[in-house]
Amino acid sequence: MAAVRARRRTAGPLFVAPFMVLFVLLFLGPLAYAAYLSLFQDRLVGGTAFVGLDNYVTAVQDPRLLRGIGRVATFFVIQVPVMLLLALLFALALDSGLLRLARVVRLGIFVPYAVPSVVASLMWGYLYGPDYGPFAQLSRKLGLPAPEFLSDGWMLGSLANIVTWEFVGYNMIILYAALRTIPPDLYEAAAVDGAGPWRIAWSIKLPALRPALLLTLVFSVIGSFQLFNEPNLLQRLAPDVIDSGYTANLYAYSVAFTSQQVNYAAAVSFLLGAVIVVVSYAVLLTANRGRSA
Amino acid sequence: MTARRRSTPLTVAMLAALAYFLLPLFWLAVASTKSTQDLFTTFGLWFSDSPRLFANIRATLTYDDGVFGRWLLNTGMYAVASALGAALLAAAGGYGFAKFRWRGDRAAFNLVLGAIMVPTTALAIPTYLLFAKVGLVNTPWAVILPSLVSPFGLYLMRVYAQDAVPDTVIEAARIDGAGELQIFVRIAMRLLAPGFVTVVLFTLVATWNNYFLPLIMLNDPNLYPITVGLASWSAQAVGGGSGASSDMLALVVTGSLLSVVPLVVAFLLLQRYWRSGLAAGGVKQ
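Here the structure is a predicted model, which is why all the values come from computation and not from measurement.

Participant: Explain the overall build of chain B to me, and be specific about the residues and the numbers.
Facilitator: The number of helices and strands found in chain B is 14 helices and 0 strands. Along chain B, helices and strands appear, N-terminal first, in the series α-α-α-α-α-α-α-α-α-α-α-α-α-α. Overall, chain B is about 75 × 65 × 30 Å in size when its C-alpha atoms are taken along their principal axes. Across the 285 residues in chain B, those meeting the buried criterion constitute 46%. Considering only contacts within chain B whose residues lie at least 6 apart along the sequence, 76% involve residues at least 24 apart.

Written as structure tokens, this is what we have:
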């Protein structure tokens, strides 16, 4: 019996061990190595030298990095509320039971999630195109000026449209799945008390969606602050609008691979990761404070 | 809520929304039937007079000694290896955290939980620097290994295992003399199947669609997954308006279509699984 109990005590750590070993090697390892690298600098004279936090001091004053972070922050503030609001409305509509063809609608809105962001950006890039894009073709036929989706003023909105297109369905499915778990007797009780569909949505469904909404919100923070694929692909169509520091992540990429400043790139990645973690927690804390107030 | 009333205005509004989400895919399907010249001269949202989908597919698959097929194979291999590996690791880990107690289990789990917030791309450049140091860059491992660790997958499997595998079932199996590994493989894995499939699917999508990691890790076009390959073709298509590169456009479009089809089909066929798994992850936290 003692042998069985001992075996049971070691079983838990053994089940967890494969994941934890790889987690340490492939998650904590790179972070630790980058942290180490970020403390050095390659100098023309004297080779690699320990410089302490100099790289970070440079990074927080680097106008291109700050501009990139500012741009993704703007993107986050505009795109995420639109996307989550749409996802919420769609989920409530699907859950209301008032919809015909609900299955088709649900799947159709979700399908873009299965499309690689590279393909999504290529498709929208062609759709946006000023020469052969269908929108430009249509407006030429109507004698109107072609919409300049790829111009400086429109670009952030055009990128936001691509990201919204990709992820509304994913968020909708998470919210919809949460709505389906609300016990139906709650609705019946509310209806007996005289609550209409809007009142039920506001007083029962929204509070029940809270955890799922928080989850989608945090994922959206992470997603928008690391914006890379979409601008990287549209860059070829509009090289004058999207420069190598358009988003924070594009900048990190160009520091690491175009100018090959390894140590500075490590510091920039680290700083960017820290910004995202801090913003995620700030969003979570704000949302949780809203509940207790 | 078994109201049999249906709302026509709401249905029309949702169909309009549906049209927006399907528009780019419809465009892609139409564009795949056109030659590069027709792409420029005919209306984008309707077919041209001379559809040539199969000629386009043949051209895509044979261009540059069939490098596209190679990219498809690479993508499939990276995605399947990463998804199965990540899901197995997450299932075993989640089961361990859910059903066993030992010193430090909470601390270890919280460490993993904190990692959910760390964005994958912020981790990608550090991972590249480390892999460059140990010589893993420009190998398939450079793409597969980082995808094996899925903190969110572990979290999901832990939440799922909590309820899906009742303690009484484990206890009964122990009384019958089954070993812990045997219980996990024979009993728990069967009960965990919906959660497992969810993690497989979502890691599959994440790896299939991954662009940043393979972009920085791989130089050899023979190792590219589809995303990086298509991006390199699109760079050629945009790069010059004349000569061979102008024909690239039709290849990029057809290649995009070919790369989208497998995942969309997988999602449609497996929807029963990922919906139940998502419900577990999104609701109970």
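Participant: Give a detailed account of the overall build of chain A, specifying residues and quantitative values.
Facilitator: What chain A contains, in helices and strands, is 12 helices and 2 strands. In chain A, the succession of helices and strands from N to C terminus is α-β-β-α-α-α-α-α-α-α-α-α-α-α. With the C-alpha coordinates of chain A rotated into their principal frame, the extents come out at 85 × 80 × 40 Å. For chain A, the residues scored as buried account for 44% of the 293 residues in total. Long-range pairs, those at least 24 residues apart, make up 68% of the contacts in chain A between residues at least 6 apart in sequence.

Participant: Got a sec to walk through the interface of chain A and chain B? Specific residues and values, please.
Facilitator: Across the boundary between the two partners, chain A contributes 83 residues, which contact 79 residues of chain B. Counting residues per element, the side of chain A that touches chain B draws most heavily on helix H1 (residues 2-37) of chain A, at 21 residues.

Participant: Quick one: what's the story with helix H5 (residues 117-128) of chain A, residue by residue and with numbers?
Facilitator: All names here are of chain A. Helix length check: H5, at 12 residues, gives a terminal C-alpha distance of 16 Å against a target of 16 Å (1.5 Å per residue), a fit within 8%. Of all 12 residues making up H5, 12 are buried, and the element is well covered by its neighbours. Of all the residues in H5, the buried ones are Ser-117, Val-118, Val-119, Ala-120, Ser-121, Leu-122, Met-123, Trp-124, Gly-125, Tyr-126, Leu-127 and Tyr-128.

Participant: Report on the packing of helix H4 (residues 102-110) of chain A against helix H1 (residues 8-31) of chain B, specifying residues and quantitative values.
Facilitator: Two quantities define a packed helix pair, namely the angle between the helix axes and the distance between the axes. Between H4 of chain A and H1 of chain B, whose axes approach to 8 Å, the crossing angle comes to 30°. Judged on the interaxial angle alone, H1 of chain B and H4 of chain A are roughly parallel. The crossing of H4 of chain A and H1 of chain B is left-handed. On H1 of chain B, the residues that touch Val-105, Gly-108 and Ile-109 of chain A of H4 of chain A are Met-14, Ala-17, Leu-18, Phe-21 and Leu-22 of chain B. Tallied by class, the residues present in the contact of H4 of chain A with H1 of chain B amount to 7 nonpolar, 1 polar and no charged.

Participant: Let's hear about the pairing of strand S1 (residues 40-43) of chain A: which residues, and what values?
Facilitator: All names here are of chain A. Bridge analysis of S1 against strand S2 (residues 47-50) gives 4 bridges, and the strand direction is antiparallel. Among the inter-strand pairings, Arg-43 is bridged to a residue of S2, identified as Gly-47. Linking S1 to S2, which pair antiparallel, is a turn of 3 residues; within it Gly-46 sits at a positive phi near 90°.

Participant: Which residues make up the confidence of the model for chain B, and what values go with them?
Facilitator: Detailed reading of the predicted coordinates is not advisable wherever pLDDT is low. This prediction gives chain B a mean pLDDT of 87; 92% of its residues lie at or above 70. Overall fold confidence (pTM) sits at 0.90, and the ipTM for the predicted complex is 0.88.

Participant: Help me get a handle on the environment of Ala-102 of chain A, residues and values and all.
Facilitator: Residues and elements named next belong to chain A. Assignment of secondary structure puts Ala-102 in helix H4. Using a count of 17 C-beta atoms within 10 Å as the deciding quantity, one classes Ala-102 as partly exposed. Sequence-wise, Ala-102 and Asp-152 are 50 residues apart; in three dimensions their C-alpha atoms are separated by 39 Å.

Participant: Go over the nonpolar core with me, naming the residues and quoting the values.
Facilitator: Ranked by internal contacts, the top residues of the largest apolar core, which has 172 residues, are Met-172, Leu-175, Ala-252 and Val-268 of chain A together with Tyr-95 and Met-157 of chain B. Here this core takes 17 residues from helix H7 (residues 155-180) of chain A, the largest share from any one element. Non-local contacts of Met-157 of chain B, meaning those with residues more than four positions away in its chain, are made with Ala-90, Ala-91, Gly-93, Gly-94, Tyr-95, Leu-192, Gly-195 and Val-199 of chain B.

Cut-offs used in this document
- Residues numbered from 1 in each chain as written.
- Chains lettered and ligands numbered in written order.
- Predicted model: local features only at pLDDT ≥ 70, side-chain atom pairs only at ≥ 80, totals over all residues.
- Helix = DSSP H or I, 4+ residues; strand = E, 2+ residues; numbered from the N terminus.
- Buried ≥ 20, exposed ≤ 12 C-beta atoms within 10 Å, placed from the backbone.
- Contact = placed C-beta atoms within 7 Å.
- Expected span 1.5 Å × (residues − 1).
- Axes fitted to C-alpha atoms, helices over the stretch in contact; angles between N-to-C directions.
- Parallel < 35°, antiparallel > 145°, perpendicular 65-115°, else oblique.
- Left-handed = near helix turned anticlockwise from the far one by under 90°.
- Nonpolar A, V, L, I, M, F, W, Y, C, P; charged D, E, K, R; others polar.
- Pairing = 2+ DSSP bridges.
- pLDDT = per-residue confidence, 0-100.
- Core = buried A, V, L, I, M, F, W, Y, C linked by C-beta atoms within 7 Å.

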